[in-house]
Amino acid sequence: MTEPDVTLTDYALAIECLIFAVILYRNKSRSVRLRRWFTLLFASICAASLFGGTVHGFFLEVDSLGHAILWPASLLAVGLTALAAWAIGAELLFSDRISRLIAAVAFAGFLAYAVVVLFLTASFRIAILNYLPAALFLLIAFLAVYRREKNGSFLVAACGLVLTFAAAIFQQFELGIHRVYFNHNAVYHVVQAVALFLLFLGGRRLVATEFKTRRESC
């Protein structure tokens, strides 16, 4: 195993998100679409962590077959996370018609992103550029609806999302505990695990709660 700290924390993140996805999928919900999008969000993060961890642990060499298959797969999973983020934000803010339209546009964007990843470049920066607008949109949606509803679930979910941004900053500035035994990618995974737990808590309450949004007036 080439990077055990990164691989093991990635696998732990995958297990965490798999548990969250199963719980949300089986959860009773007042909004089936919202439940499904939250399930996709965590399932896609699970897949990205599983594929990414395997690359870091066993297929770091770019010319290896495992890297050629698993690395693009991990980036495509990140693309699905972005799709889910767009759709969740749209469900919270807009009417059924507009939210479906936004989800359709986001899906078309995912297809374009997949073409870039599979045939042009499998750079992680492409994944970040694709995911960042969706994450910011979702954060704005959480805060906007919290301001109107005063429902703490939105604030918990927003805090989790903000913490994911903090985790990404730690990663980009390579803030690790030890270069060999617990590097910046491993620290990123630990912080991300806490952030996703908060996002799960907020999301679970949201899919089970009846709330009023701009959907009634859009």
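See the structure printed just above.
Fair warning: this is a prediction, and the values are worked out from it, not measured in the lab.

(A) Inspection of the overall build of the protein chain at higher detail. When its secondary structure is counted, the protein chain shows 7 helices and 0 strands. In sequence order, the protein chain lays out its α and β elements as α-α-α-α-α-α-α. At 17 Å, the protein chain has a C-alpha radius of gyration in line with the 17 Å of a compact globule built from 218 residues. Projected onto its principal axes, the C-alpha positions of the protein chain cover 55 × 35 × 30 Å. Going through the 218 residues of the protein chain one by one, you find that 47% of them count as buried. Put simply, 76% of the contacts in the protein chain that link residues at least 6 apart link residues at least 24 apart. Carbon and sulfur atoms make up 67% of the accessible area of the protein chain, which totals about 11,300 Å².

(B) Structural detail: unusual backbone geometry. A positive phi angle, close to 60°, is found at Lys-150, a residue other than glycine. Relative to the assigned elements, Lys-150 resides in the loop between helix H5 (124–149) and helix H6 (152–172). Exposure remark for Lys-150: the relative accessible area of 60% places this residue in the exposed category.

(C) Just the state of the cysteines, in detail. This structure, assessed with the given rule, holds 0 disulfides. You can see Cys-17 has no disulfide; the closest cysteine sulfur is in Cys-46, sitting 6.5 Å from it.

(D) Region of interest: the pattern of salt bridges. Counted under the stated rule, the structure contains 2 salt bridges. Two residues, Glu-91 and Arg-33, come together in a salt bridge whose shortest N-O distance is 2.7 Å. Here Arg-33 lies in helix H2 (residues 32–58) and Glu-91 lies in helix H3 (residues 65–93), a separation of 58 residues in the sequence. Residue classification places Glu-91 among the buried residues on the basis of a relative accessible area of 3%. For Arg-33, a relative accessible area of 22% puts it in the partly exposed group. Here Arg-33 ties to Asp-96 by a salt bridge, and the two come within 3.1 Å at their closest N and O atoms. Here the residue Arg-33 occupies a position in helix H2, and Asp-96 occupies one in helix H4 (residues 96–119), the gap between them amounting to 63 residues. Look at Asp-96 and you get partly exposed, because its relative accessible area is 37%. If you follow the salt bridges from partner to partner, you end up with Arg-33, Glu-91 and Asp-96 in one network.

(E) Structural context of the nonpolar core. Counting 43 residues, the largest nonpolar core has Phe-38, Leu-41, Phe-42, Ile-88, Leu-92 and Phe-142 as the members making the most contacts within it. Put simply, the parts of the chain that give this core at least two residues each are helix H1 (4–26), H2, H3, H4, H5, H6 and helix H7 (184–207). What Phe-142 contacts, discounting residues up to four positions off in sequence, is Phe-38, Leu-92, Phe-154, Ala-157, Ala-158, Leu-161, Leu-199 and Leu-206. Listed in part, the 11 residues of the second largest apolar core include Leu-70, Trp-71, Ala-77 and Phe-110.

(F) Structural view of the layout of surface pockets. A volume near 990 Å³ is recorded for the largest pocket. Looking at the lining of the largest pocket, the elements that each hand over two or more residues are H1, H2, H3, H5, H6 and H7. Taken together, the residues of the lining of the largest pocket sort by class into 22 nonpolar, 12 polar and 3 charged.

(G) Summary view of the environment of Ala-48. Mapped onto the secondary structure, Ala-48 falls in helix H2. For Ala-48, a relative accessible area of 18% translates into the label buried. For the pair Ala-48 and Leu-75, spaced 27 residues apart in sequence, the C-alpha separation works out to 6.9 Å. If near-sequence neighbours (up to four positions away) are discounted, Ala-48 is found in contact with Ser-74, Ala-77 and Val-78.

(H) Inspection of the packing of H3 against H5 at higher detail. Where H3 contacts H5, the two axes come as close as 8 Å, and the packing angle between them is 20°. Classified by the angle their axes make, H3 and H5 are roughly parallel. Viewed along their axes, H3 and H5 form a crossing whose handedness is left-handed. Considered class by class, the residues forming the contact of H3 with H5 number 21 nonpolar, 4 polar and no charged.

The rules behind these values
Counting from 1, residues in each chain are numbered in the order their sequence is written. Totals for whole chains, interfaces and linings use every residue, but because this is a predicted model, local features are given only for residues with pLDDT of at least 70 and side-chain atom pairs only at 80 or more, for both listing and counting. Side-chain measures here rest on the full set of heavy atoms in the structure, leaving out hydrogens and waters. Under the scheme used here, helices are H or I runs from DSSP no shorter than 4 residues and strands are E runs no shorter than 2 residues, and both carry numbers assigned from the N terminus. Here the globule rule reads 2.2 Å times residues to the power 0.38, and the radius of gyration is calculated from C-alpha atoms. Three labels apply to residues, based on accessible area from a 1.4 Å probe with only protein chains included: buried if under 20% of the type maximum, exposed if over 50%, partly exposed otherwise in between. Contacts are assigned to residue pairs with any non-hydrogen atoms lying within 4.5 Å of each other. Shrake-Rupley sampling with a 1.4 Å probe provides the accessible areas, and residues are treated as covered by the protein chains on show and by no other component. Throughout, a disulfide means two cysteine sulfur atoms within 2.5 Å of one another. What makes a salt bridge here is a side-chain nitrogen of Lys or Arg within 4 Å of a carboxyl oxygen of Asp or Glu, nothing more. Here, nonpolar core refers to any group of buried Ala, Val, Leu, Ile, Met, Phe, Trp, Tyr and Cys residues whose side-chain atoms link them within 4.5 Å. Here a cavity means grid points, on a 1 Å grid over the protein atoms only, where a 1.4 Å probe fits yet cannot get out; a pocket means an open set of points with protein on both sides within 12 Å along at least five of seven lines; lining residues are those with an atom within 4 Å of a point. Grid points are joined across faces, edges and corners, and a volume is the space filled by probe spheres set on the points. Only Asp, Glu, Lys and Arg are considered charged, only Ala, Val, Leu, Ile, Met, Phe, Trp, Tyr, Cys and Pro nonpolar, and every remaining residue, Gly among them, polar. Where helices are involved, their axes are fitted lines through C-alpha atoms of the stretch in contact, as for all axes, and angles between N-to-C directions lie from 0 to 180°. When an angle is under 35 degrees it counts as roughly parallel; over 145 it counts as roughly antiparallel; between 65 and 115 it counts as roughly perpendicular; any other value is oblique. Each crossing gets its handedness from the near helix: less than a right angle anticlockwise from the far helix is left-handed, clockwise is right-handed.

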